[in-house]
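Chain and residue survey
Letter by letter, the chains look like this.
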Amino acid sequence: AQTIHQWPVAEIKAVGSPLSLGCTIKGKSSPNLYWYWQATGGTLQQLFYSITVGQVESVVQLNLSASRPKDDQFILSTEKLLLSHSGFYLCAWSLVWGGAEDTQYFGPGTRLLVL
Amino acid sequence: GEKVEQHESTLSVREGDSAVINCTYTDTASSYFPWYKQEAGKGLHFVIDIRSNVDRKQSQRLIVLLDKKAKRFSLHITATQPEDSAIYFCAATGGNNKLTFGQGTVLSVIP
């Protein structure tokens, strides 16, 4: 069975400091991967998606970047955090891009507080 | 781009009653409509979906209806239980393959 793991579980960081969040999918080969951001009490906004290793597409900038260094790994990062980066970051995977079977399955999330 | 409006921000029902959450969307090219459940502090859990080639789908106590003409879809939870209490999100995949979410509905099932 596939599992999705996100790290860290939670972070408290200072404005201007760097950030790196990670996501690993096990049990699925060549998944499509996604990063979402959820403001406290709010809806989800897709940030990035990746169909294959080394390729990442940006949906919304928000002064963040993403990379996919391995088939099963997706990294979200920034060199300089802003207060507005606080929230809940969710990684998701799907099997087929744009097809009928494109259900996205989400990880447990990372809660980020920027002070 | 696609916009998804979730009409009930909060919903309270008595245990055993039905709960209905309604969503509308704007992109006529949207073809896939999943629903997710989020418990406090946790990630999203997929619950049910419907594709545009059908107008009704049922999985145990969950029923999803889709009205393509009205660009409206809804989640019906029958015989509600306290463990159904959570935030429910509707979503739609538009012509650009991007999943757009509604604002979420906080469902409270009162024992």
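Attention in this report is confined to the structure presented alongside it. (Residues numbered from 1 in each chain as written. Chains lettered and ligands numbered in written order. Predicted model: local features only at pLDDT ≥ 70, side-chain atom pairs only at ≥ 80, totals over all residues. Heavy atoms only, no water.)

Quick word on the sheet that holds strand β7 (residues 65–70) of chain A
Residues and elements named next belong to chain A. Rules: Each pair of strands is called paired provided DSSP finds at least two bridges between the two strands. Secondary structure elements follow DSSP: runs of H or I of four or more residues count as helices, runs of E of two or more count as strands, with numbering from the N terminus. Lines fitted to C-alpha atoms define the axes here, with helix axes fitted over just the stretch in contact, and angles between the N-to-C directions of these axes take values from 0 to 180 degrees.
Spatially, four strands are ordered β1-β3-β8-β7 in an open sheet, and the strand pairing comes out antiparallel. What marks the edges here is a single partner per strand, and that holds for β1 (3–7) and β7. With strand direction ignored, the average angle separating the axes of adjacent strands in the sheet is 20°.

A look at the pattern of salt bridges
Residues and elements named next belong to chain B. What counts is decided by this rule: Note on definitions: salt bridges are taken to be side-chain nitrogens of Lys or Arg within 4 Å of carboxyl oxygens of Asp or Glu. Relative accessibility thresholds used throughout: buried, under 20% of the residue-type maximum; exposed, over 50%; partly exposed, between the two (1.4 Å probe, protein chains only).
As enumerated under the stated definition, the model contains seven salt bridges over all chains in all. A salt bridge links D49 to R51, with the nearest nitrogen and oxygen atoms 3.5 Å apart. Judged by relative accessible area, which is 4%, D49 ranks as buried. For R51, a relative accessible area of 18% puts it in the buried group. A salt bridge links D67 to R72; its shortest N-O distance comes to 3.5 Å. The class for D67 is partly exposed, based on a relative accessible area of 31%. Given the relative accessible area of 41%, R72 is considered partly exposed. Among the charged side chains, a network of salt bridges with common partners joins D49, R51 and K57.

Focus: the state of the cysteines
What is meant by a disulfide is a covalent connection between two cysteines, made through their sulfur atoms. Our working definition: For the purposes of this analysis, a disulfide is any pair of cysteine sulfur atoms at a distance within 2.5 Å.
According to the stated counting rule, one finds two disulfides over all chains in the structure shown. Two residues share a disulfide in this structure: C23 of chain A and C91 of chain A, whose sulfurs sit 1.9 Å from each other. Here the disulfide of C23 of chain A and C91 of chain A is left-handed, its torsion about the S-S bond being about -75°. Residue C23 of chain A is found in strand β3 (residues 19–26), and its partner C91 of chain A is found in strand β9 (residues 87–94); the two are separated by 68 residues along the sequence. Covalently, C23 of chain B is tied to C90 of chain B through a disulfide, its sulfur atoms 2.0 Å apart. Across the disulfide from C23 of chain B to C90 of chain B, rotation about the S-S bond amounts to roughly -100°, and the bridge is consequently left-handed. Of the two residues, C23 of chain B is situated in strand β3 (residues 19–25) and C90 of chain B in strand β9 (residues 86–93); the sequence distance between them amounts to 67 residues.

Topic: a nonpolar patch on the surface
Test applied: Without a salt bridge and with relative accessible area above 30%, a residue can belong to a patch; like charges are then joined within 9 Å and nonpolar side chains (Val, Leu, Ile, Met, Phe, Trp, Tyr) within 5 Å. Methods summary: accessible areas were calculated by the Shrake-Rupley approach with a probe of 1.4 Å, and residue burial reflects only the protein chains presented.
A contiguous nonpolar patch, built from I12, L113 and L115 of chain A and spanning about 320 Å² of accessible area, is present on the exposed surface. Here L113 of chain A lies in strand β11 (residues 110–114).

Focus: the nonpolar core
Looking at soluble globular proteins, one finds that nonpolar side chains tend to be buried together. Just so we agree on the cut-off: Among the buried residues, those of types Ala, Val, Leu, Ile, Met, Phe, Trp, Tyr and Cys that are joined through side-chain atoms within 4.5 Å form a nonpolar core. Note on definitions: a residue-residue contact is assigned when non-hydrogen atoms from the two residues lie within 4.5 Å.
Counting 24 residues, the largest nonpolar core has W35, F73, L75 and L107 of chain B as the members making the most contacts within it. Contributing elements (two or more residues each) for this core: β2 (10–14), β3, β4 (32–38), β5 (44–51), β7 (62–67), β8 (72–77), β9 and β11 (105–110) of chain B. Apart from residues lying up to four places away in sequence, F73 of chain B is in contact with I21, N22, C23, Y25, F33, W35, L65, L66, C90 and A91 of chain B. Membership of the second largest hydrophobic core comes to 20 residues, among which are L19, L21, L64 and L76 of chain A.

Some thoughts on the interface of chain B and chain A
Short version of the rule: Computed with a 1.4 Å rolling probe, the buried area is the accessible surface lost when two parts are put together, summed over both parts. In protein, a polar contact requires one atom able to donate a hydrogen and another able to accept it; more generally it is a pair of N or O atoms within 3.5 Å, and residues adjacent in sequence count only if both atoms are side-chain atoms.
The interface of chain B with chain A comprises 18 residues on the first partner and 21 residues on the second. Of the roughly 1500 Å² buried where chain B meets chain A, counting both sides, 54% is carbon and sulfur surface. The tally of links between chain B and chain A comes to zero salt bridges. There are five residue pairs in polar contact (both at pLDDT 80 or more) connecting chain B and chain A. Only β4, β5, β9 and β10 (99–101) of chain B provide two or more residues apiece to the side of chain B that touches chain A.

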